[in-house]
Each structure stands twice: as structure tokens, then as C-alpha cells.
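# A structural walkthrough
What follows is the residue order along each chain.
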Amino acid sequence: MKKIEVRNVTKIFGRTSKKALKLLINGVDKKQIYKKTGLTVGVNQVSFDVETGEIFVIMGLSGSGKSTLLRMLNRLIEPTVGQIFIDGEDIVQMPITQLRHIRRKKLAMVFQHFALFPHRTVRENVEYGLEIQGVEIEQRKNKALEVLQLVGLDGWGERYPDELSGGMQQRVGLARALANDPDILMMDEAFSALDPLIRKEMQDELLELQRSLQRTIIFITHDLDEALRIGDRIALMRDGSIVQIGTPEEILTNPADEYVKKFVEDVNLTDILTIESIMRKGETVLIGREGCRVALKKMREKGIPTLVAIDRDKKVQGLLTADGARKALETGKSVADVLVHDVVQVSKESSISELLPIMAEQDFTHPAVVVDDNQRLIGIVGRGAIFAALAGTGGEDK
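Please read these numbers as outputs of a predicted model, since none were measured by experiment. (Residues numbered from 1 in each chain as written. Predicted model: local features only at pLDDT ≥ 70, side-chain atom pairs only at ≥ 80, totals over all residues. Heavy atoms only, no water.)

Split by domain assignment, the protein chain resolves into domain 1 (2-268) and domain 2 (276-390). Centre-to-centre separation of domain 1 and domain 2, based on C-alpha positions: 44 Å. (Domains from an automatic or database assignment.)

Another point: the environment of Ala-115. The topology assignment puts Ala-115 in the loop between β6 (107-110) and α5 (122-132). Classification of Ala-115 as partly exposed rests on a relative accessible area of 40%. A sequence separation of 48 residues divides Ala-115 from Glu-163, and the C-alpha atoms of the two residues are 15 Å apart. (Helix = DSSP H or I, 4+ residues; strand = E, 2+ residues; numbered from the N terminus. Buried < 20%, exposed > 50% of the residue type's maximum accessible area, 1.4 Å probe, protein only.)

Glancing now at the sheet that holds strand β5 (residues 89-90). Ordered in space as β2-β1-β4-β5, the four strands form an open sheet in which the pairing is antiparallel. For this open sheet the edge positions go to β2 (40-51) and β5, each flanked by a neighbour on one side alone. Pairing between strand β1 (residues 2-13) and strand β4 (residues 81-86): five bridges, direction antiparallel. Of the residues in β4, the one forming a bridge with Ile-4 is Ile-86. (Pairing = 2+ DSSP bridges.)

With that settled, the discussion passes to the environment of Gly-60. Structurally, the position occupied by Gly-60 is in the loop between β3 (55-59) and α3 (66-72). For Gly-60, a relative accessible area of 0% gives the class buried. Along the chain, Gly-60 and Val-6 lie 54 residues apart, while their C-alpha atoms are 18 Å from each other. Excluding residues that lie within four positions of it along the chain, Gly-60 makes contacts with Lys-66, Thr-221, His-222, Leu-236 and Met-237. (Contact = heavy atoms within 4.5 Å.)

It is worth spelling out the pairing of strand β8 (residues 216-221) at this point. Two faces make up the sheet, and in a regular strand the side chains alternate between them. The buried fraction of β8 is high, at six of six residues. A two-sided burial pattern is seen for β8, the buried positions comprising Thr-216, Ile-218 and Ile-220 on one face and Ile-217, Phe-219 and Thr-221 on the other. Bridge analysis of strand β7 (residues 184-188) against β8 gives five bridges, and the strand direction is parallel. Considered in β8, the bridge of Leu-185 is made with Ile-217.

This part is about the packing of α5 against helix α6 (residues 137-150). The contact between α5 and α6 brings their axes to 9 Å, and the two run at 120°. Classed by the angle they form, the pair α5 and α6 counts as oblique. In the packing of α5 onto α6, the handedness of the crossing is right-handed. Taking contact as the criterion, the partners of Val-122, Arg-123, Val-126, Glu-127, Leu-130 and Glu-131 in α5 are, on α6, Arg-140, Lys-141, Lys-143, Ala-144, Leu-145, Val-147 and Leu-148. Per-class residue counts for the contact of α5 with α6 are seven nonpolar, no polar and six charged. (Axes fitted to C-alpha atoms, helices over the stretch in contact; angles between N-to-C directions. Parallel < 35°, antiparallel > 145°, perpendicular 65-115°, else oblique. Left-handed = near helix turned anticlockwise from the far one by under 90°. Nonpolar A, V, L, I, M, F, W, Y, C, P; charged D, E, K, R; others polar.)

Where charged atoms from two side chains of opposite charge come close, those side chains can pair. One pass over the full model with this rule turns up 26 salt bridges. The shortest N-O distance in the salt bridge between Arg-171 and Glu-205 comes to 3.1 Å. Of this pair, Arg-171 sits in helix α7 (residues 166-178) while Glu-205 sits in helix α8 (residues 196-213), placing them 34 residues apart in sequence. With respect to class, Arg-171 is no different from Glu-205; both count as buried. (Salt bridge = Lys/Arg side-chain N within 4 Å of Asp/Glu carboxyl O.)

Before going further, it helps to examine the pairing of strand β10 (residues 241-246). Pairing analysis gives five bridges linking strand β9 (residues 233-238) to β10, with the strands arranged antiparallel. When the bridges of β10 are listed, Arg-238 appears paired with Ser-241.

All right, on to the sheet that holds β8 then. Pairing in this open sheet of six strands is mixed, and the strands run β6-β7-β8-β3-β9-β10 from one edge to the other. On the outer flanks of this sheet lie β6 and β10, each paired with one strand and no other. Neighbour-to-neighbour, the strand axes of this sheet turn through a mean angle of 20°, independent of strand direction. Sheet topology places β6 next to β7; four bridges connect them, and they run parallel.

In C-alpha cells form, the structure reads like this:
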């Protein structure tokens with residue numbers, strides 16, 4: 001379900017934007033427009049949708065237009081032209097009184113440099129948005145304490161900002177945004193001022209909060225690693241335009257042009273690609289119903305050396321190899337008697353880099369089995385798929 005819909009949003013900075021807008025529509029680039037008009041194109045005819053409950057990352061280098069775009073989503077900067085729908089309502093056409101209500105009830109912002117009031121306690125900082133809304137003192141105090149606990153600052157409510165580390169101050173900023181119970185959380189380079197270790201901790205904290213709160217989050221960053229780590233989808237910007245929108249895997253494996261390709265060329269794919277992206281369907285043998293002759297017939301027809309043994313609930317019991325099946329036929333044993341039980345099991349959300357050392361310990365002898373939370377079979381990952389991923393080519397297991 002679409003939470004935000006952006007349609008042909010453009011921002012031209014300057015008083016006489018009509019001439020520049022006409023040039024822009026006719027395909028003239030921003031450098032030429034500046035030379036001809038003296039006006040700056042901040043955002044160029046941008047369109048995208050954000051689904052309810054997703055983390056949508058807008059990234060790009062300095063001057064790409066990402067922060068300008070974010071500020072147009074709540075009309076802190078007025079678009080020159082375009083439409084911005086939140087829950088189906090175009091906020092560009094909204095009167096200021098209605099927009100103010102949307103900002104207070106549906107939107108919250110977390111800034112790069114914390115923007116905390118030094119003379120207010122941590123709790124009072126968190127309460128600020130509720131105070132503006134006229135919420136009663138006791139109610140807003142209780143809400144502030146609740147969200148402080150949520151972001152790991154339980155017991156710090158009566159301290160002042162200068163008594164907190166940078167990471168803790170950013171947690172206060174996050175708590176202040178969450179106190180209003182916003183549908184949409186806008187985060188503008190929120191972790192950029194933090195040390196690398198604290199920054200990673202805050203990324204983990206955000207992902208953990210998102211698992212429980214399921215907010216719609218627009219996250220601005222110039223850091224590709226950060227975008228890949230937290231984004232459900234990423235919009236990569238350049239010179240005010242969106243160059244590509246996609247999942248981290250889509251952007252890494254199918255860059256839209258040379259600019260994107262160069263942007264992502266140093267990324268280790270195995271840290272980003274998930275098991276789901278390289279797994280294939282696992283051929284099975286049903287214990288108690290199918291015997292070794294049936295299993296060997298399947299292997300010959302499919303041209304594979306291994307079957308996944310499952311029970312009637314599709315739960316994995318082990319692997320049956322061709323050698324094991326032949327041995328069972330020779331000795332009169334059943335499928336269950338010759339199964340390989342030392343099987344690597346992994347979830348589809350795991351990264352390839354997590355699987356690699358485990359598979360290497362077994363010298364990639366058998367495929368890894370991909371299972372759900374109930375140990376039911378989803379697929380398998382063999383060494384061919386892993387080696388293809390290491391080579392940066394993706395592809396199926398052979």
C-alpha cells in the first residue's frame with residue numbers, strides 16, 4: 001500500500017523560475033540552465049512511491065538534491081511544480097492550517113545535528129512536540145518516558161543533553177520524533193555526525209525499532225554502505241534527478257548506468273546479497289512414502305547427486321546422496337538409515353558472507369538447506385551458486 005506518492009516534483013531556486021522550468025522540460029541540463037538564467041535546479045522532475053512500513057533511502061553525493069527533496073515532502077521547501085500525496089492527499093495544494101495538522105500528527109523529523117534544547121532535560125526535549133500540541137503534562141511525561149525506554153535511555157530523562165554522548169543525544173532526537181506516534185519518520189543524515197562504531201550501533205537500533213514499530217521511514221544519506229545496510233529500497237540521486245530506484249540487490253547486480261556502476265563497484269556483494277537471491281528449488285524425497293529406487297530415479301532424471309529428505313510437514317530430516325541410496329538398496333536399509341544429518345541450514349534472509357565460513361568447513365561437499373522458522377524446506381544453495389556470487393556474477397547453482 002502506497003503511503004507517499006511523488007509525481008514530477010521539481011524545485012528551481014530563484015524568483016523567475018518559469019523560463020528555467022521550460023528549459024528543464026525541454027531537456028536542458030542544470031548547468032546550462034544556470035548559465036542561461038542564473039537559476040539553480042535543486043530537484044529535477046522526480047517521481048517515486050513509498051510503501052507503508054518500508055525504509056526508503058534517498059542517497060547521493062553532496063549537491064545531488066536529496067535533502068532538498070526531503071524538505072519538499074513536508075513542504076519545509078515549497079516545490080516549484082509537482083504533486084506530493086500522503087495517504088492520497090496532495091499536500092502541495094493543502095492550506096497551511098491543514099498542512100500543520102499533517103506535520104504534527106503524521107510526520108516527524110530527525111536531524112543530523114540533534115537539534116536538542118540545551119536548557120531542557122532529556123525528558124523535556126522528548127516532550128516538546130507533545131507540548132506544542134497541548135497535551136497534558138502528565139500524559140506527555142509518561143509518553144516521553146515510554147519512548148526513552150524504547151530507544152535504550154531508560155533512567156536518563158532528568159539529565160541534560162551536554163551530559164550525554166553523541167550517540168545518546170541522537171537517541172534523544174529519535175525519541176522526540178517517536179513521541180508523536182508519527183506514521184512517517186524523516187531522517188536527514190541522522191547518523192552522519194557520529195563516530196563509525198556508534199553510527200553502526202544506531203543503524204542496528206533503527207532496524208530493531210522498525211521490526212517492532214513498522215513506521216514508514218524516509219532516510220537521507222551520502223553513505224552507500226549505510227544505504228545498503230538499512231534500506232528496503234534505495235533511490236540514488238545525481239544532479240537533482242533520480243538515476244535508479246531499487247532494492248540493494250537490484251542496484252548492486254543491475255546498475256542502471258555507468259555512474260551507478262562506478263558508485264557501487266567497491267562493494268562486497270557477499271555482504272549484501274541474501275541467500276534468497278541465489279537459492280534454487282530443492283528436489284525432495286518424502287520419508288515413509290518414497291524409497292531409494294524412486295529417489296535414484298529422480299536424481300537421474302534431474303541430473304543431481306542429492307535430494308533433501310523431508311517428512312509430511314515438509315520439515316527437513318537430512319540429505320540423501322546417490323551413494324547413500326545405492327548403499328541402502330544393496331543392504332536392504334531404508335532412506336532414513338542412510339541420511340546425511342550434518343547439514344548446513346540457513347534462513348533466506350542471511351547474507352552469503354554468513355554462509356561462506358560454515359560451508360567452507362565442510363569443503364562445500366553438500367548444499368546448504370534453506371529453511372523457514374519451522375524448519376520447513378524453502379530451497380537449497382550449492383557451491384556453484386556461491387562461487388558465482390563470489391565472482392560477482394550471481395546465477396544459479398549448477
